[in-house]
Amino acid sequence: EDQVTQSPEALRLQEGESSSLNCSYTVSGLRGLFWYRQDPGKGPEFLFTLYSAGEEKEKERLKATLTKKESFLHITAPKPEDSATYLCAGGGNDYKLSFGAGTTVTVRA
Amino acid sequence: DGGITQSPKYLFRKEGQNVTLSCEQNLNHDAMYWYRQDPGQGLRLIYYSQIVNDFQKGDIAEGYSVSREKKESFPLTVTSAQKNPTAFYLCASSIDNDEQYFGPGTRLTVT
């Protein structure tokens, strides 16, 4: 059974304090590792897709990386507007996504 | 603007009543999905459809039903057989079964 585990569950950062979120996955026939941002009471917003180990993608203060067992979402010099829950999901060979429970990031000014 | 709409945003029902949640997309995506989100848990797949007039059960389909009569629409019915229907429901769509794009969600409360 496909499994995706995110850590930590919650992360409190000071503005400007860089950190990383972890996503460990066991997904049969991984065809993509997806990162989303979700604000309270809203639907997830797509951020990145990573397809193969060693791949990196960046968007503003966010950078996602992928290894054969994990993905990391690095937040560089975060601002309060980066506060959200970040979800990762593994897409397997059955065309379904398996989601982790998310990491809730709070950035204090 | 292209996107996914879900209505209503909030829905309240009495126990024992069936309720239908709407999901419409104008992205011309073939695949559509329904998820349920509960506090502290990842999104769980209820049903998905890769093409009109065809759909498959996800991981937690019991107590739910769907239809896919049009490419743009994928309504979800929460039946009285669903034991814990109170949750945040999310609809998504994708092209080529790649990244999924989500609607704003419907929060269903059953009392």
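Everything below is about the structure printed above this text.
Residues numbered from 1 in each chain as written. Chains lettered and ligands numbered in written order. Predicted model: local features only at pLDDT ≥ 70, side-chain atom pairs only at ≥ 80, totals over all residues. Heavy atoms only, no water.

### What about the pattern of salt bridges?
The tally for this structure, following the rule as stated, stands at 8 salt bridges over all chains. The closest approach of N and O atoms between B:Asp59 and A:Lys96, which form a salt bridge, is 3.8 Å. Here the residue B:Asp59 occupies a position in the loop between β6 (54–57) and β7 (64–66), and A:Lys96 occupies one in the loop between β9 (84–91) and β10 (97–99), the pair thus bridging two chains. If you follow the salt bridges from partner to partner, you end up with B:Arg36, B:Asp38 and B:Arg44 in one network. (Salt bridge = Lys/Arg side-chain N within 4 Å of Asp/Glu carboxyl O. Helix = DSSP H or I, 4+ residues; strand = E, 2+ residues; numbered from the N terminus.)

### Comments concerning the side chain of A:Glu55
Residues and elements named next belong to chain A. In this structure, Glu 55 sits in the loop between β5 (45–50) and β6 (56–59). The exposure class assigned to Glu 55 is buried, which follows from its relative accessible area of 18%. Within the structure, Glu 55 has its side chain in polar contact with the backbone nitrogen of Tyr 51 (distance 2.6 Å). Ignoring sequence-local partners within four residues, the contact set of Glu 55 consists of Thr 49, Leu 50, Ala 64, Thr 65 and Leu 66. (Buried < 20%, exposed > 50% of the residue type's maximum accessible area, 1.4 Å probe, protein only. Polar contact = N/O pair within 3.5 Å; in protein donor to acceptor, adjacent residues only side chain to side chain. Contact = heavy atoms within 4.5 Å.)

### Focus on the packing of aromatic side chains
Where two aromatic rings form a pair, the distance of their centres and the angle of their planes describe that pair. Following the criterion strictly, the structure yields 11 aromatic pairs over all chains and no others. With centroids separated by 5.8 Å and ring planes inclined at 70°, the aromatic side chains of A:Tyr36 and A:Phe46 adopt a geometry described as edge-to-face. Of this pair, A:Tyr36 sits in strand β4 (residues 32–38) while A:Phe46 sits in strand β5; the two residues are 10 residues apart in sequence, bridging distant segments of the chain. A:Phe46 shares its class with A:Tyr36; the two are buried. Centre to centre, the rings of B:Tyr47 and B:Phe55 are 5.9 Å apart; their planes meet at 80°, and the pair counts as edge-to-face. The exposure class assigned to B:Phe55 is partly exposed, which follows from its relative accessible area of 36%. One aromatic cluster is present, formed by A:Tyr36, A:Phe46, A:Phe99, B:Tyr33, B:Tyr35, B:Tyr48, B:Tyr101 and B:Phe102 through successive ring pairs. (Phe/Tyr/Trp six-rings, centres within 6.5 Å; stacked < 30°, edge-to-face > 60°.)

### Concerning the side chain of B:Gln25
All names here are of chain B. Residue placement: Gln 25 occurs in strand β3 (residues 19–25). For Gln 25, a relative accessible area of 3% gives the class buried. Separated by 3.0 Å, the side chain of Gln 25 and the backbone nitrogen of Leu 27 make a polar contact. A polar atom in the side chain of Gln 25 sits 3.2 Å from the backbone nitrogen of Asn 28.

### Focus on the nonpolar core
One finds A:Leu21, A:Leu33, A:Trp35, A:Leu73, A:Tyr86 and A:Val105 to be the most contacted residues of the largest nonpolar core, which totals 22 residues. Going through the elements one at a time, β2 (10–14), β3 (19–26), β4, β5, β7 (62–66), β8 (70–75), β9 and β11 (103–108) of chain A are the ones with two or more residues in this core. Non-local contacts of A:Leu73, meaning those with residues more than four positions away in its chain, are made with A:Ser19, A:Ser20, A:Leu21, A:Trp35, A:Phe48, A:Leu62, A:Lys63, A:Ala64 and A:Tyr86. Ranked by size, the runner-up nonpolar core spans 19 residues in total, among them B:Ile4, B:Met32, B:Leu76 and B:Val78. (Core = buried A, V, L, I, M, F, W, Y, C linked by side-chain atoms within 4.5 Å.)

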